Amino acid sequence: MFVRNTWYVAGWDNEVGPGNLFSRTIIGIPVLMYRTADGTLHALEDRCCHRGAPLSVGRREGDCVRCMYHGLKFDASGQCIEAPAQQRIPPQARVRTFPVVERNRWIWIWMGDPEAADPAMIPDTHWLADPAWRSLDGYIHYDVNYLLIADNLLDFSHLPFVHPTTLGGGEDYAAVQPRVERLDDGVRITRWTLDTDPPPFARQVKNWPGKVDRWNIYNFTIPAILLMDSGMAPTGTGAPEGHRVDAAEFRGCQALTPETENSTHYFFAHPHNFAIDNPEVTRSIHQAVVTAFDEDRDIITAQQRSLALAPGFKMIPFSIDAALSQFRWAVERRLAEESATATGA
Amino acid sequence: MFVRNTWYVAGWDNEVGPGNLFSRTIIGIPVLMYRTADGTLHALEDRCCHRGAPLSVGRREGDCVRCMYHGLKFDASGQCIEAPAQQRIPPQARVRTFPVVERNRWIWIWMGDPEAADPAMIPDTHWLADPAWRSLDGYIHYDVNYLLIADNLLDFSHLPFVHPTTLGGGEDYAAVQPRVERLDDGVRITRWTLDTDPPPFARQVKNWPGKVDRWNIYNFTIPAILLMDSGMAPTGTGAPEGHRVDAAEFRGCQALTPETENSTHYFFAHPHNFAIDNPEVTRSIHQAVVTAFDEDRDIITAQQRSLALAPGFKMIPFSIDAALSQFRWAVERRLAEESATATGA
Amino acid sequence: MFVRNTWYVAGWDNEVGPGNLFSRTIIGIPVLMYRTADGTLHALEDRCCHRGAPLSVGRREGDCVRCMYHGLKFDASGQCIEAPAQQRIPPQARVRTFPVVERNRWIWIWMGDPEAADPAMIPDTHWLADPAWRSLDGYIHYDVNYLLIADNLLDFSHLPFVHPTTLGGGEDYAAVQPRVERLDDGVRITRWTLDTDPPPFARQVKNWPGKVDRWNIYNFTIPAILLMDSGMAPTGTGAPEGHRVDAAEFRGCQALTPETENSTHYFFAHPHNFAIDNPEVTRSIHQAVVTAFDEDRDIITAQQRSLALAPGFKMIPFSIDAALSQFRWAVERRLAEESATATGA
C-alpha cells in the first residue's frame, strides 16, 4: 500500500542519458524513462500492453520505442502506432504514462491520478543545483520497506549509537529532546545540541576552536522527503539566536522512494556552502554521509529480519518516537483518504 | 494444472545410459528412468513409498533399484520386494510406474491413466532418426511456465525482432499474416513470405542467387509439440506451387515438457536434408537455433518477471495472437475435460 | 509447532565466551546469550522491545547490553534501565528472558513457562565432561524440519545403506529387529547384532580378532535427545550377558534443537572410554561420526526436497518404523497437552 497522489523522486536527471532506455520500479510499477530528441523526459509503464515484455529491453526508433518481442512500436504518449501484420491499431493499445518533472537535478514522478499532478507541490531542493552550494549525487538501495527507513530518519537520537565515527558525536546529542511540530503532510523537527563536540565528519573539513552549538531542523513529508537545515557554529557566537558566524551549514536533501513493499530507492545529497571551491571537502562530506547511510542500512536490515521472524511483535513506544509516530499517522491518513476516494465514497 | 492424458517427451534416448539412474521431474512429479539388462526402459516415481527419499540416489542391483536410505528394494514394476528386518512385504508397498515408449530418439512418457496410453497417438518425428536427414540433439531449461514459451512458438512474427542475426530476416517476414487452422488438439500454421532475403542462418550454409520464397508450416499440438516443415527456395522456382527446386528444407521437432508450474524442459532438433555429409553444415544450423533459443529465453524470462509483478495484467490481443489464443483454448478445453472425468461427471 | 515446556540444548558452553554477545535462534525465537562478569550465563530475547533491532549487534556495558540502534540499555534481567532523552523508563520496557542451565558442557534452555523449568529434568550427559571419557564437540546445521532427522535417528537400519564406510557394516545389521519400549516422553531402543563384522570406524581405532557382538541401546526423548550406550566386544566374550571384555564402548550424546520450522541445530559428541590418552583415536572416531552425519544430511535433505514437491504424500509404514512412529505420537501428545493448557482447558 503506497500513497499514489504525490510526487516521488524517480532518479537523478543524469541517470537518463540521451539515447537511453532507463528502467526503474516505483511503488511496484516498472517505469521506462527516456528522452525524446528535444531532450524532454517521458515516463511510460515498462511493460508492453500486448504480452507484458519490458519495453526497456526494446530499441529506440526516433522518438518512439519498439518492443523487441513482437515488434509493437509506441510513441512517447504511450500509444501503440505500429504492429506487425496489422493495419488498424486499436486505440486501447497503449501503455500508461506518468507525469514527470525535472527540477533541481531530481526527476519527480506522479504515480496517481494525472489530473491531480500539480508541479507546484514539488518541494524546493534548489540547493542541489545552486552554484553557491556543493554536493555529490547519492543513491543506495535497501531491501526493506521504506517506512523502516523513515522511522530511522525521524529519530536522530540514533546518531551517537549507529554513527559514532561519522555523523555522531557525544551521547549528549541523543539526550536532547527535539521539538516536533505537526505539518499537514508530515512533521517538522528541530533539534539543538548546545556546547557539544563537533562531530567527526565536521572536524575533518573545518577547524573548530572548541565546542559548538549544533542544529538539525528538518521537514519530513509525504511520501518520504527529508529537507534539512543543519550545521554547527562555535558556542557563544549566537547560533541559537539566529546568528551564523563561522558556521558550517548544510542543506541535506533526501528522498525515499518505495521500489516494492520490501525494497526502497534512497536518493540523497548533502550540500554545503563553505569551502565550495575545495572538491576534497565536498568529497569528504559525501563520503561521511555514505558511510553513515551504510551503517543505517546494516542495522535497519537486521531489524527487518528480526521483525520478519515475529509477525505479532508489538513495539513499545518511547518518547524518542514522537516524530515517527506522527509521520506514520500522516501516511495512514493519506492512505485512508485515497482508498475512500478510490471506492467513490 | 497440466494435461495428464497425453504423451510428453521425457528425454533423448541416450540420456539414459545402461547403468544409469536418471531422474527428471515431469509435470511436478520426479521420475526415475533406467534400463533393465535387456535394454528396456522403465519409468518409476522417483520417491520411495516408505519415507519419500529419491530412488535415483539409490543403487542398481541387477534389474532392481535399492533405496539407499533404509534399503528397500524395488523391481522394475515398482513393487517393493525386500525390506530390512521384514519377511512379508505388503502389496501396497510399491511406487508408481509410467508408460514409456522410445521412438525416433525421443523418450515419450504418459503421466495420466495408464489404460489410456496408446502409443499410436505419439506424433511422428522420424526425421530425428532417418538417415536422409541430419540434426544434433538440443535441450535447454527454462524458469518459466511452459505456456509462455508456447505463446512464443505460436507467433513467428517475433523472428525479425528477437532473432535478427539468426532465424530472423527482414521485417517483411513479420508483416505477413499466417494462415491458422484449428486442429482437434491444437493448431496448424502456414506462413509464406515470398521474394524475401534468405535469413542469416541459411546464408551460412548455402549459396543463394538472390531472393527466396520462405515457408514455415507447422502443427502445434497438445501437450506442446511443434512439428514443422520449413525452408526456402529461390524465388520463381515454384515453391508456393509445391515444387521444391534448389531448396533448403528443414523438419523442426520441438517439445516443451513442463517440469513444474514455473519451469520447463525444452527438447529440440532441426533436421535438414541437404549437405547431409557435411557435419559443419549440421553444426552451423544447430548453433543458429541454439543461439536463437537463448534469445527467446532472455525475452520470455524478462516477460515472466514483468508479469509476476502485475498479477492483474490484462494482455491486449493483436491479430498476431490468433494461433496462440486458439492453442490456449485447446489446453483449457482438455484440462476441463480431464477435471470433469476425474470428478466422475 | 514446537514443544515449549522442555529443555532444549542451546549450545556448547564454550560457544559463549566472556565478552561475547552470542545469538542463536531456538524454535523460531532469536536468543541472545552472554555472561555477566561473574561468569553467569543469561539468555534474553535477541530483539529490542523498542523497534525490534537485534541486541546481539549492540554492545556490552558492564553486565548490561546496549542496543546500538537507539541506545536503550538492558540489564541481565531483561529490564530496560536507560533510554535517550527519557528519565522514567516504563516497567513494561523489557525483553523476555529464558531459564538457562549449564551442565556437562551443554547449555540447556527452557522456552516455555519459566515456573515449570525444573533443572532436575535435564538428562544426564556426564560423559561429555567425565575425565574417564573422551570426545570432541560436534555441531552441524540442517535445512530441514527436526522431525525428519529424528526419524533417521530412530531407525538405525539405515546404517549399512547410508554409512557403509563409517558407522555401517554388513546388511545383517539392518536385518535385526530392535526392541522398542515406550517411555513417558519417548522411546527406548535396544539393538543387538551378534557375530558380525566390526564396522569400519571401529576397525580404525582398535584391533579385533574376528567377529564381534555389537549393541546400540538408546533413549530418544522429547524434545529430541538421543543418549546411547553403544559398542562392540569380541563374539564369545559374553557381551549380550552383560560382560564387557575387550570392548569398545561409546556414550553418544546427540541433541536436535529446532531453529525454525525448516531448519535445525544438531549438537553431538561420541565419548569413548578406551585409548583415552590417544587423541588420534578420539579424532578418528569424531571424524567418522561427522562424515556419517554429513551422509545423513545429504539423504535427509534430498528426502525433504522430494516431500516438498508432494504435499499429499502418504508414507507407507514398515516394521522398521515402530520407534519413529511412537516418538511422533509422543510429540503429538505433548503438543496437544500444551495447546490444551494454553487455551485454559
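What counts and how
Residues numbered from 1 in each chain as written. Chains lettered and ligands numbered in written order. Predicted model: local features only at pLDDT ≥ 70, side-chain atom pairs only at ≥ 80, totals over all residues. Heavy atoms only, no water. Helix = DSSP H or I, 4+ residues; strand = E, 2+ residues; numbered from the N terminus. Buried < 20%, exposed > 50% of the residue type's maximum accessible area, 1.4 Å probe, protein only. Polar contact = N/O pair within 3.5 Å; in protein donor to acceptor, adjacent residues only side chain to side chain. Contact = heavy atoms within 4.5 Å. Buried area = accessible area lost by both parts, 1.4 Å probe. Salt bridge = Lys/Arg side-chain N within 4 Å of Asp/Glu carboxyl O. UniProt positions renumbered as here; feature names shortened; annotations may be inferred. Pairing = 2+ DSSP bridges. Axes fitted to C-alpha atoms, helices over the stretch in contact; angles between N-to-C directions. Least-squares fit on C-alpha atoms with pLDDT ≥ 70 in both. Domains from an automatic or database assignment. Nonpolar A, V, L, I, M, F, W, Y, C, P; charged D, E, K, R; others polar. Parallel < 35°, antiparallel > 145°, perpendicular 65-115°, else oblique. Left-handed = near helix turned anticlockwise from the far one by under 90°.

- The name recorded for chain A in an unreviewed UniProt entry is Toluene-4-sulfonate monooxygenase system iron-sulfur subunit TsaM1, from Cupriavidus yeoncheonensis.

## Looking at the environment of B:W7
Residue and element names in this part refer to chain B.
Link 1 in the chain: Relative to the assigned elements, W7 resides in strand 1 (residues 7-12).
Link 2 in the chain: W7 sits in the buried class, given a relative accessible area of 3%.
Link 3 in the chain: Among the polar contacts made by the side chain of W7, one reaches the main-chain carbonyl oxygen of D118 at a distance of 3.0 Å.

## What to know about the interface of chain A and chain B
Link 1 in the chain: Listed as interface residues are 29 residues of chain A and, on the opposing side, 31 residues of chain B.
Link 2 in the chain: Surface buried jointly by chain A and chain B totals about 2400 Å² across both partners, of which 61% is contributed by carbon and sulfur atoms.
Link 3 in the chain: If you sort the residues of chain A by the area they bury against chain B, A:R51, A:Y69 and A:A85 come out on top, with a joint share of 32%.
Link 4 in the chain: Our count for the chain A to chain B interface comes out at 1 salt bridge.
Link 5 in the chain: For B:D151, the salt bridge goes to A:R51, with nearest N and O atoms at 2.6 Å.

## Side note on the UniProt feature "domain: Rieske" (unreviewed entry) in chain A
Link 1 in the chain: In this structure's numbering, the residues bearing the UniProt feature "domain: Rieske" (unreviewed entry) are residues 7-109 of chain A.
Link 2 in the chain: Here residues 7-109 of chain A runs as 0% helix and 43% strand, with 5 Å between its end C-alpha atoms.

## Some thoughts on the sheet that holds strand 5 (residues 59-61) of chain C
Link 1 in the chain: Taken together, the 4 strands give an open sheet; going across it, the order is 5-6-7-8 (chain C), and neighbouring strands pair in antiparallel fashion. Edge strands, defined here as strands with exactly one partner in the open sheet, are strand 5 and strand 8 (80-82) of chain C.

## A word on the sheet that holds strand 9 (residues 100-103) of chain C
Residue and element names in this part refer to chain C.
Link 1 in the chain: Here 3 strands make up an open sheet; going across it, the order is 1-10-9 and the pairing antiparallel. One side of each edge strand has no neighbouring strand; the edge strands of this open sheet are strand 1 (7-12) and strand 9. The average undirected angle you get between the axes of adjacent strands in this sheet is 30°.
Link 2 in the chain: Bridge count between strand 1 and strand 10 (residues 106-110): 5 bridges; the pairing is antiparallel.

## Focus on the relation of the copies chain A and chain B
Link 1 in the chain: For the match of chain A to chain B, the screw axis carries a shift of 0.2 Å, the RMSD comes to 0.0 Å, and the turn is 120°. What the superposition gives is, in effect, a three-fold axis relating one chain to the other.

## Section: the pattern of salt bridges
Residue and element names in this part refer to chain A.
Link 1 in the chain: Using the criterion set out here, one finds 60 salt bridges over all chains in the structure.
Link 2 in the chain: Between R35 and E102 there is a salt bridge, and its shortest N-O distance comes to 2.8 Å. With a gap of 67 residues between them, R35 in strand 3 (residues 29-35) and E102 in strand 10 (residues 100-103) connect regions that are remote in the sequence.
Link 3 in the chain: Accessibility expressed as a relative area gives 11% for R35, which makes it buried.
Link 4 in the chain: D151 is the partner of R328 in a salt bridge, and the nearest nitrogen-oxygen pair spans 2.9 Å. Placement of R328 in helix 6 (residues 322-342) and of D151 in helix 1 (residues 146-153) is noted, with a sequence separation of 177 residues between them.
Link 5 in the chain: Judged by its relative accessible area of 28%, R328 falls in the partly exposed class.
Link 6 in the chain: Shared partners join several salt bridges into a network, and the residues in it are R59, E61, R66, K73 and E82.

## Observations concerning the pairing of strand 12 (residues 138-142) of chain A
All names here are of chain A.
Link 1 in the chain: Burial of strand 12 is one-sided: the residues G138, I140 and Y142 facing one way are buried, the residues Y139 and H141 facing the other way are not.
Link 2 in the chain: Relative to strand 18 (residues 263-269), strand 12 runs antiparallel, the two being bridged by 5 bridges. Looking across to strand 18, one finds that Y142 is bridged to T264.

## Describing the domain arrangement of chain A
Residues and elements named next belong to chain A.
Link 1 in the chain: Considered domain by domain, chain A is made up of domain 1 (7-119) and domain 2 (123-336).
Link 2 in the chain: Placing the centre of domain 1 and that of domain 2 at their C-alpha centroids yields a distance of 33 Å.
Link 3 in the chain: Contact with domain 1, which involves 18 residues of that partner, is made by 22 residues of domain 2.
Link 4 in the chain: In total, domain 1 and domain 2 occlude about 1600 Å² of area from one another, counting both sides; carbon and sulfur atoms represent 66% of this.

## Notes on the pairing of strand 3 (residues 29-35) of chain B
Residue and element names in this part refer to chain B.
Link 1 in the chain: A large share of strand 3 lies buried, amounting to 7 of its 7 residues.
Link 2 in the chain: On strand 3, burial covers both faces: I29, V31, M33 and R35 on one face and P30, L32 and Y34 on the other are all buried.
Link 3 in the chain: Looking at chain direction, strand 2 (residues 22-26) and strand 3 are connected through 5 bridges and run antiparallel. By the bridge assignment, T25 is partnered in strand 3 with P30.
Link 4 in the chain: Two successive antiparallel strands, strand 2 and strand 3, enclose a turn made up of 2 residues, where I27 displays a positive phi of approximately 40°.
Link 5 in the chain: Across 5 bridges, the pairing between strand 3 and strand 4 (residues 41-45) is antiparallel. Its bridge partner lying in strand 4, L32 is registered against L44.
Link 6 in the chain: Counted along the chain from strand 3 to the antiparallel partner strand 4, the turn is 5 residues long, and its residue G39 has a positive phi close to 90°.

## Comments concerning helix 1 (residues 146-153) of chain B
Link 1 in the chain: The element helix 1 of chain B is extensively covered by neighbouring structure, given that 8 of its 8 residues are classed as buried.
Link 2 in the chain: All of the buried residues along helix 1 of chain B are B:Y146, B:L147, B:L148, B:I149, B:A150, B:D151, B:N152 and B:L153.

## Examining the interface of chain C and chain A
Link 1 in the chain: Opposite the 29 residues of chain C that make contact, chain A presents 31 residues.
Link 2 in the chain: Of the roughly 2400 Å² buried between chain C and chain A, counting both surfaces, carbon and sulfur atoms make up 61%.
Link 3 in the chain: Interface area lost by chain C to chain A is led by C:R51, C:Y69 and C:A85, which between them contribute 32%.
Link 4 in the chain: Our count for the chain C to chain A interface comes out at 1 salt bridge.
Link 5 in the chain: The interface formed by chain C and chain A holds 9 residue pairs in polar contact (both at pLDDT 80 or more) in total.
Link 6 in the chain: For the side of chain C that touches chain A, the residue count by class is 16 nonpolar, 8 polar and 5 charged.

## So, the packing of helix 1 of chain B against helix 5 (residues 279-308) of chain B
Residues and elements named next belong to chain B.
Link 1 in the chain: Close contact between helix 1 and helix 5 brings their axes to 10 Å; oriented N to C, the two are set at 130°. Regarding the angle of helix 1 to helix 5, the classification is oblique. Crossing hand, helix 1 versus helix 5: right-handed. Contacts between helix 1 and helix 5 involve L148, I149 and N152 from the first element and D296, I300, Q303, Q304 and L307 from the second.

## Overview of the environment of A:V281
All names here are of chain A.
Link 1 in the chain: Summarising the element assignment, V281 is placed in helix 5 (residues 279-308).
Link 2 in the chain: Taking relative accessible area as the criterion, V281 reaches 8% and is therefore assigned buried.
Link 3 in the chain: Along the sequence, V281 and Q204 sit 77 residues apart, while their C-alpha atoms lie 8.3 Å from each other.
Link 4 in the chain: When neighbours within four sequence positions are excluded, V281 is seen to be in contact with V205, H272, F274 and A275.

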